[in-house]
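# An overview of the molecular structure
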Amino acid sequence: AQSVTQPDIHITVSEGASLELRCNYSYGATPYLFWYVQSPGQGLQLLLKYFSGDTLVQGIKGFEAEFKRSQSSFNLRKPSVHWSDAAEYFCAVGDGGYNKLIFGAGTRLAVHP
Amino acid sequence: DSGVTQTPKHLITATGQRVTLRCSPRSGDLSVYWYQQSLDQGLQFLIQYYNGEERAKGNILERFSAQQFPDLHSELNLSSLELGDSALYFCASSVGDRESTEAFFGQGTRLTVV
């Protein structure tokens, strides 16, 4: 069955430090992959998505992610974290061709000043 | 603001009751999705409608039902509520019905069953 694993439940980084959030997926075909961010009390906002082509995708707010088929991974990165990046981040895979998303458990990011 | 409107924002009700959650999609979007976010289950896909027709079904309980109306708004009906139904319910909408179209999420309805 399709699944998404985010190994890190909580991550704390210092402001200005680099960030990498891990995501591994299990999917039989070519996956459609997404990263969403959820700020407290807010809905989910799409950061970036991968459908095909260049395996390094750029998103909003300075985020990027790299699709690695051999590792079944789609890790999210940001070179320099800002305090406003503190939120919960969800990796998701599109399932069944109908925009039905399977989400990982999420990674809560805390940013220290 | 994603353009997806969910009402009410908060709902507190008793066990055994029935509630209706409402979602207005972004202008022009034909697909509506419902997701449940709970502490123990995480974010789970419930159901999708496209232009009034059910397109995909996830882990939706038989006590739950949804529909999409001709004006494209959608309602999620939850009945015989149990404590475990307490969760944040999200609606999302997209232009099409495939992964290639981005889904925009509303801010959710927080349901508390007491």
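Presented here is a report on the structure given in the accompanying data block.

Each value, and the rule that gives it
- Residues numbered from 1 in each chain as written.
- Chains lettered and ligands numbered in written order.
- Predicted model: local features only at pLDDT ≥ 70, side-chain atom pairs only at ≥ 80, totals over all residues.
- Heavy atoms only, no water.
- Phe/Tyr/Trp six-rings, centres within 6.5 Å; stacked < 30°, edge-to-face > 60°.
- Helix = DSSP H or I, 4+ residues; strand = E, 2+ residues; numbered from the N terminus.
- Buried < 20%, exposed > 50% of the residue type's maximum accessible area, 1.4 Å probe, protein only.
- 1 Å grid on protein atoms, 1.4 Å probe; cavity = no way out; pocket = protein on both sides within 12 Å on 5 of 7 lines; lining within 4 Å.
- Points joined across faces, edges and corners; volume = space filled by probe spheres on them.
- Nonpolar A, V, L, I, M, F, W, Y, C, P; charged D, E, K, R; others polar.
- Salt bridge = Lys/Arg side-chain N within 4 Å of Asp/Glu carboxyl O.
- Disulfide = S-S within 2.5 Å.

A separate point is the packing of aromatic side chains. Summed over all chains, the structure comprises 16 aromatic pairs over all chains. Ring centres of A:Tyr50 and A:Phe74 lie 6.4 Å apart, and the angle between their planes is 45 degrees; on these two criteria the pair is classed as tilted. Of this pair, A:Tyr50 sits in strand S6 (residues 44-50) while A:Phe74 sits in strand S9 (residues 73-78), and the two are 24 residues apart along the sequence. In this pair, the class of A:Tyr50 matches that of A:Phe74, namely buried. The structure contains a cluster of three or more aromatic residues connected by ring pairs, namely A:Tyr32, A:Phe34, A:Tyr36, A:Phe51, A:Phe90, A:Phe103, B:Tyr35, B:Phe45, B:Phe90 and B:Phe105.

As a further point, take empty space enclosed by the protein. Rolled over the atoms, a probe as big as a water molecule pinpoints where empty space is left. All names here are of chain A. Under the counting rule described, the total for this entry stands at one cavity of 30 Å³ or more. Looking at the largest cavity, its volume works out to about 50 Å³. In this structure, the largest cavity is lined by Val-37, Ser-39, Leu-47, Lys-61, Phe-63, Ser-84, Asp-85, Ala-87 and Tyr-89. Residues that form the lining of the largest cavity fall into these classes: five nonpolar, two polar and two charged.

Of the pockets and cavities examined, the largest pocket occupies roughly 930 Å³. Around the largest pocket, the lining comprises 38 residues; the ones closest to its centre are B:Gln37, B:Ser38, B:Leu39, B:Gly42 and B:Leu43. In terms of residue class, the lining of the largest pocket is built from 13 nonpolar, 18 polar and seven charged. Together, 22 residues line the second largest pocket, and A:Gly43, B:Asp1, B:Ser2, B:Phe105 and B:Gln107 are the ones closest to its centre.

Let us look at the pattern of salt bridges. In the structure shown here, the tally under the stated rule is nine salt bridges over all chains. As a salt-bridge pair, A:Lys78 and A:Asp85 come within 2.8 Å of each other at their nearest N and O atoms. Like A:Lys78, the residue A:Asp85 is buried in the burial classification. Here B:Asp29 makes a salt bridge to B:Arg26, at a shortest N to O gap of 2.8 Å. A residue is classified by how much of its surface remains accessible, and B:Arg26, at 22% relative accessible area, is partly exposed.

Throughout the structure, instances matching the rule amount to two disulfides over all chains. The disulfide partner of A:Cys23 is A:Cys91, and the gap between their sulfur atoms is 1.9 Å. On the sign convention where negative means left-handed, the S-S torsion of about -65 degrees between A:Cys23 and A:Cys91 marks this disulfide as left-handed. Taken together, the positions of A:Cys23 in the loop between strand S3 (19-21) and strand S4 (24-26) and A:Cys91 in strand S10 (residues 87-95) put the pair 68 residues apart, joining distant regions of the chain. Both residues of the pair, A:Cys23 and A:Cys91, belong to the buried class. With its sulfur 1.8 Å from that of its partner, B:Cys23 forms a disulfide with B:Cys91. Judged by the sign of its S-S torsion, about -55 degrees, the cystine formed by B:Cys23 and B:Cys91 is left-handed. Of this pair, B:Cys23 sits in strand S3 (residues 19-24) while B:Cys91 sits in strand S9 (residues 87-94); the two residues are 68 residues apart in sequence, bridging distant segments of the chain. The exposure class assigned to B:Cys91 is buried, which follows from its relative accessible area of 0%.

Everything listed here is a matter of geometry and, on its own, says nothing about what the molecule does.
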